[in-house]
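So you can see what is in the structure, the chains are spelled out below.
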Amino acid sequence: DLVVDSGSLEKNFLLAKTKDSCMTANVKNTMFYGLGAKFAGIPTLPHGLNGIHISNKAIIGQNVIIFHQVTIEAIHKQYPRYGSPTIGNNVYIGAGAKIIWKVNIGDNCRIGANCIVVKDMDPNTTAIATSTRFISHTQELDNNFRPFKA
């Protein structure tokens, strides 16, 4: 289980049982980590626990920095790379990053904001997202919100 030092977040941690009897930590409904997740050390969470999801059986190394809205997730059994990610030591994971499938993230890696990592990363590697692509339209776009009516 994730161990949090008594001076910071320990009071906010709640244990809850999900429908499939997997124990989860749910911190004010903002963070999920499965019971099988293993942490070699206490991760640094600079922006708190907002929207972080760590799957069952994920392995997180020491001195890992995880920003908000990060997903470290396994994939369904029907896919060839089924399994949970393994994150090495001294890894920086930027806001909104997604690490999916049974991938290995080497030590001392940096994963930039909003990157989607689906391949192994060698140690001392940086992953960056491609720049934004702009699509021009010949017609004016209608961006009005219309609630769904059943």
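See above for the structure.
Definitions and cut-offs
- Residues numbered from 1 in each chain as written.
- Predicted model: local features only at pLDDT ≥ 70, side-chain atom pairs only at ≥ 80, totals over all residues.
- Heavy atoms only, no water.
- Helix = DSSP H or I, 4+ residues; strand = E, 2+ residues; numbered from the N terminus.
- Areas by Shrake-Rupley, 256 points an atom, 1.4 Å probe, with all protein chains shown as cover.
- Buried < 20%, exposed > 50% of the residue type's maximum accessible area, 1.4 Å probe, protein only.
- Pairing = 2+ DSSP bridges.
- Contact = heavy atoms within 4.5 Å.
- Core = buried A, V, L, I, M, F, W, Y, C linked by side-chain atoms within 4.5 Å.
- Phe/Tyr/Trp six-rings, centres within 6.5 Å; stacked < 30°, edge-to-face > 60°.

Asks: Got a sec to walk through the overall build of the protein? Specific residues and values, please.
Replies: Of regular secondary structure, the protein possesses 0 helices and 15 strands. On the protein, roughly 10,200 Å² of surface is accessible, and the fraction owed to carbon and sulfur atoms is 52%.

Asks: Account for the environment of glutamine 69, naming residues and giving values.
Replies: Tracing the backbone shows glutamine 69 in the loop between strand E7 (65–66) and strand E8 (71–73). Residue classification places glutamine 69 among the partly exposed positions, given a relative accessible area of 40%. Counting along the chain gives 20 residues from glutamine 69 to leucine 49, while the straight-line C-alpha distance between them is 8.4 Å.

Asks: Talk me through the sheet that holds strand E6 (residues 59–60); I want residue IDs and the actual numbers.
Replies: Adjacent strands of a sheet form backbone hydrogen bonds with each other and so pair up, either parallel or antiparallel. Ordered by their spatial adjacency, 4 strands build an open sheet running E4-E6-E9-E12, and the pairing between neighbours is parallel. Of all the strands in the sheet, the pair left with one neighbour each is strand E4 (38–39) and strand E12 (104–105). Relative to E6, E4 runs parallel, the two being bridged by 2 bridges. Its bridge partner lying in E6, phenylalanine 39 is registered against isoleucine 60.

Asks: Outline the side chain of serine 55, listing residues and values.
Replies: Relative to the helices and strands, serine 55 is located in the loop between strand E5 (52–54) and E6. By relative accessible area, serine 55 is classed as buried at 3%. Beyond its immediate stretch of four places on either side in the chain, serine 55 contacts Phe32, Gly34, Ala37, Ile72, Glu73, Ala74, Ser84 and Pro85.

Asks: Can you tell me about the sheet that holds strand E10 (residues 92–93), naming the residues and giving the values?
Replies: In space, the 4 strands of this open sheet follow the order E7-E10-E13-E15, with parallel pairing throughout. Each of the sheet's edge strands pairs with one partner strand only, and the pair in question is E7 and strand E15 (126–127). Looking at chain direction, E7 and E10 are connected through 2 bridges and run parallel. By the bridge assignment for E10, isoleucine 66 is matched with isoleucine 93.

Asks: Explain the nonpolar core to me, and be specific about the residues and the numbers.
Replies: Residues Ile54, Ile72, Ile93 and Ile105 are the most contacted members of the largest nonpolar core, which totals 27 residues. Those elements giving two or more residues to this core turn out to be strand E3 (31–34) and E5. Excluding residues within four positions of it along the chain, isoleucine 93 makes contact with Val64, Ile65, Ile66, Phe67, Val70, Ile72, Ile87, Ile99 and Ile111.

Asks: Give me the lowdown on the environment of proline 85, citing residues and values where you can.
Replies: Relative to the elements of secondary structure, proline 85 occurs in the loop between E8 and strand E9 (86–87). Once the C-alpha coordinates of proline 85 and isoleucine 100 are considered, the two residues, 15 residues apart in sequence, prove to be 6.7 Å apart. Once residues within four sequence positions are removed from consideration, proline 85 is found in contact with Ser55, Ala58, Ile59, Ile72, Glu73, Ala74, Ile99, Trp101 and Val103.

Asks: Give a description of the packing of aromatic side chains that names residues and reports values.
Replies: To describe a pair of aromatic rings, you give the distance between the ring centres and the angle between the ring planes. Taken as a whole and assessed by the stated rule, the structure comprises 1 aromatic pair. With centroids separated by 5.3 Å and ring planes inclined at 55°, the aromatic side chains of phenylalanine 67 and tyrosine 92 adopt a geometry described as tilted. Of this pair, phenylalanine 67 sits in the loop between E7 and E8 while tyrosine 92 sits in strand E10, and the two are 25 residues apart along the sequence. Judged by its relative accessible area of 35%, tyrosine 92 is partly exposed.

Any link to function would need more than the numbers given here.
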